[in-house]
Amino acid sequence: MFRLQGSKVLAVDMTGDSVKAKNGSMVAYDGQMAFKKLTGGGEGLRGMVTRRLTGEQMTLMEVRGQGTCWFADRASEINLVNLQGDKLYVESSNLLATDGGLRTGTTFTGLRGASQGNGLFTTTIEGHGQAAIMSDGPAVVLRVSAQYPLTVDPGAYIAHQGNLRQSFQSGVTFRTLLGEGGGEAFQIRFEGDGLVYVQPSERNTIAGDV
Amino acid sequence: MSTPYPTPGGPTVFDPMTLPADDNVNAYTFCVELKGSQWFLQKGKMIAYYGTIDFNGIGHGRLDRLVRTSFHSPLHASDWVVAEGSGKMLLADRAFDVNSYDLEDGNLTIRSGNLLAFQPTLALKQSIVPGFLTLIGTGKFVAASNGPVVFMEPPIRVDPQALVGWADCPSPCHHYDHGYMTGVMGGLRAMTGLGGASGEEHQFEFVGAGTVLLQSSETLMAEQATGAVPQQAGVPGAGGAHSTQGPQSGVPRLPGQLGDLQRRFGL
């Protein structure tokens, strides 16, 4: 059971089950815990090779035991996500922990990743359970539905879940090159049905200053 | 409409109906509602939007009239864009606290790096004080600060790093403690506003009627170059005399200048 203690510490109550968490993110525990490094994020040899090839590196550990374990990373804000059989797409650098039963994988994101400087691939989490994702400042959760598509700055995007199509919009025109760009030259547009998580801060991207 | 992703006890999920209009979503995110109206905003501070919103750089021919009436700092126009359209737009800045302020036929001078966005009913002008901008008129603006903002009444002396801005105060001036200005190092400290033995020998002093805005931290937000002022006798800050203030402040920048490409691409 995941719960937040403050907004920057994740507490997980465990009764013999396990969680996957970012390597080294444990700050304290109470009870009996065993920590095991998961080579290749527990995705087997194929997952390991995929992650190596795609650059979507992720070092996870498996924590199993009885009691409570607390996780935190660089005082980042933590956001809980409930998954009921749907898929969460998140940058590996923003993933803190997931339930042991959730499957993680890698997927192609297209141009969005490139404009963020995060590579062309992203991490997926699938199954039933909870995940904890990190953001710079508390994330705002925005619902996308058929009548309300959403446009997001690539630098502020952290994750999305549900049945969403994303398309990359580029507003680069000759004005950008003349130095009169609109400042929001790269955008991702989400359509469909689902949730998008954005953080109140922008990673340094090429897009950020155009 | 089906809601397939309810998160009981989880974070609040916003959609265009539940997002506030021209108000904070949380301490770090501000939501602007556009109904065919326009807002000026600093480049790159939009994090997401619903609806149809266009972002045009200042210098876009169609916006000339708007720029003439509410934008009087031609030399840093390249840092600002005009958002136009209808929908709701979220603004945020590096996870700093953001707040909106209403001016009613008033004036407010603010550190250039702190101002995020403003309504075109306000006029933005460069302040005579280097590094600051003045907003005059009636309307709403959004400013970021490192930690919540506190409002103080003059007479007051404030730490230079904690000053966000001031309204109505007629006399912002420097205040130095004894012996601060002696010697070469003293002069250097006075120029940069940094250093000193205890770090508290130099303050800004405000007297008269008005309000002084302070952030609750002495960590400065990154300076935004306000552009060079015309090189003219009697103009403070002209002539590159304060070239220690920031990497770009000595260089005059005109919108559309090609020499700016490097900075524009974040190199």
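Parameters at a glance
Residues numbered from 1 in each chain as written. Chains lettered and ligands numbered in written order. Predicted model: local features only at pLDDT ≥ 70, side-chain atom pairs only at ≥ 80, totals over all residues. Heavy atoms only, no water. Helix = DSSP H or I, 4+ residues; strand = E, 2+ residues; numbered from the N terminus. Contact = heavy atoms within 4.5 Å. Areas by Shrake-Rupley, 256 points an atom, 1.4 Å probe, with all protein chains shown as cover. Phe/Tyr/Trp six-rings, centres within 6.5 Å; stacked < 30°, edge-to-face > 60°. Buried < 20%, exposed > 50% of the residue type's maximum accessible area, 1.4 Å probe, protein only. Core = buried A, V, L, I, M, F, W, Y, C linked by side-chain atoms within 4.5 Å. Pairing = 2+ DSSP bridges. Axes fitted to C-alpha atoms, helices over the stretch in contact; angles between N-to-C directions.

1. Side note on the overall build of chain B
Phase 1: Secondary structure assignment for chain B yields three helices and 16 strands.
Phase 2: Across chain B, contacts joining residues at least 24 apart in sequence account for 77% of those joining residues at least 6 apart.
Phase 3: Surface summary for chain B: the accessible area is close to 12100 Å², and the carbon and sulfur share equals 57%.

2. With respect to the packing of aromatic side chains
Residues and elements named next belong to chain B.
Phase 1: If you walk through the whole model with that rule in mind, you get ten aromatic pairs over all chains.
Phase 2: Relative to Phe-55, the ring of Tyr-49 lies with its centre 5.6 Å away and its plane at 55 degrees, an arrangement referred to as tilted. Grouping residues by exposure puts Tyr-49 and Phe-55 together as buried.
Phase 3: Seen in terms of ring centroids, Tyr-101 and Phe-141 are 5.2 Å apart; in terms of plane orientation they differ by 25 degrees. Their pairing is stacked. Of this pair, Tyr-101 sits in strand 7 (residues 97-111) while Phe-141 sits in strand 10 (residues 132-145), placing them 40 residues apart in sequence.

3. A few points about the side chain of B:Ser127
All names here are of chain B.
Phase 1: Residue placement: Ser-127 occurs in the loop between strand 9 (122-126) and strand 10.
Phase 2: When its relative accessible area of 13% is taken as the criterion, Ser-127 is described as buried.
Phase 3: Ser-127 has contacts with Thr-109, Phe-132, Leu-133 and Thr-134, leaving out every residue within four places of it along the chain.

4. Notes on the nonpolar core
Phase 1: One finds A:Leu142, A:Val196 and B:Leu90 to be the most contacted residues of the largest nonpolar core, which totals 22 residues.
Phase 2: At the level of secondary structure, the elements contributing two or more residues to this core comprise strand 9 (140-144), strand 10 (150-152), strand 11 (157-170) and strand 12 (186-198) of chain A together with strand 4 (46-57) of chain B.
Phase 3: Here this core takes four residues from strand 12 of chain A, the largest share from any one element.
Phase 4: Excluding its chain neighbours within four sequence positions, the residues that come into contact with A:Val196 are A:Val140, A:Val141, A:Leu142, A:Val144, A:Leu150, A:Val152, A:Tyr157, A:Ala159, A:His160, A:Leu164 and A:Phe190.
Phase 5: Among the nonpolar cores identified, the runner-up in size contains 21 residues, and B:Ile58, B:Leu108, B:Phe118 and B:Val164 belong to it.

5. Section: unusual backbone geometry
Phase 1: Residue B:Pro155 is reached from B:Pro154 by a cis peptide bond, and omega for that bond is 0 degrees.
Phase 2: In this structure, B:Pro155 sits in the loop between strand 11 (149-152) and strand 12 (156-158).
Phase 3: The backbone of A:Ala75 shows a phi angle near 55 degrees, a positive value even though the residue is not glycine.
Phase 4: With respect to the element layout, A:Ala75 can be found in the loop between strand 4 (60-71) and strand 5 (77-90).
Phase 5: In this model, B:Asp22 sits at a positive phi of 50 degrees, which is unusual for a non-glycine residue.
Phase 6: Looking at where B:Asp22 falls in the secondary structure, it is placed in the loop between strand 1 (13-14) and strand 2 (23-26).

6. Observations regarding the environment of A:Gln32
Residue and element names in this part refer to chain A.
Phase 1: Residue position: Gln-32 is located in strand 3 (residues 26-38).
Phase 2: Overall, Gln-32 belongs to the exposed group, its relative accessible area being 62%.
Phase 3: Considering only alpha carbons, one finds Gln-32 and Arg-64, 32 residues apart in sequence, at a separation of 8.4 Å.
Phase 4: In contact with Gln-32, not counting residues within four places along its chain, are Arg-64, Gly-65 and Gln-66.

7. Considerations on the pairing of strand 16 (residues 211-215) of chain B
Residues and elements named next belong to chain B.
Phase 1: Within strand 16, four of the five residues are buried, which leaves it mostly tucked inside the rest of the structure.
Phase 2: One ladder, built from four bridges, connects strand 11 with strand 16; its direction is antiparallel. What sits directly across from Val-150, in strand 16, is Leu-214.
Phase 3: Note that strand 13 (residues 163-167) and strand 16 share four bridges and pair antiparallel. Note on strand 16: the bridge partner recorded for Trp-166 is Val-212.

8. A closer look at the sheet that holds strand 14 (residues 173-176) of chain B
Residues and elements named next belong to chain B.
Phase 1: The strand order across the open sheet built from three strands is 12-15-14, with neighbouring strands paired in antiparallel fashion. Two strands lie at the open edges of the sheet, namely strand 12 and strand 14, each paired on one side alone. The mean angle between the axes of side-by-side strands here comes to 40 degrees, regardless of whether they run parallel or antiparallel.
Phase 2: Taken together, the four bridges between strand 14 and strand 15 (residues 202-206) define a ladder with antiparallel strand orientation. The residue of strand 15 that forms the bridge with Cys-173 is Glu-205.

9. Focus on the environment of A:Met33
Residue and element names in this part refer to chain A.
Phase 1: Structurally, the position occupied by Met-33 is in strand 3.
Phase 2: Since its relative accessible area comes to 12%, Met-33 is described here as buried.
Phase 3: With 30 residues separating them in the primary sequence, Met-33 and Val-63 have C-alpha atoms 6.6 Å apart.
Phase 4: Among all residues touching Met-33, those that are not within four sequence positions of it are Met-14, Val-63, Arg-64, Gly-65, Gln-66, Gly-67, Thr-68 and Cys-69.

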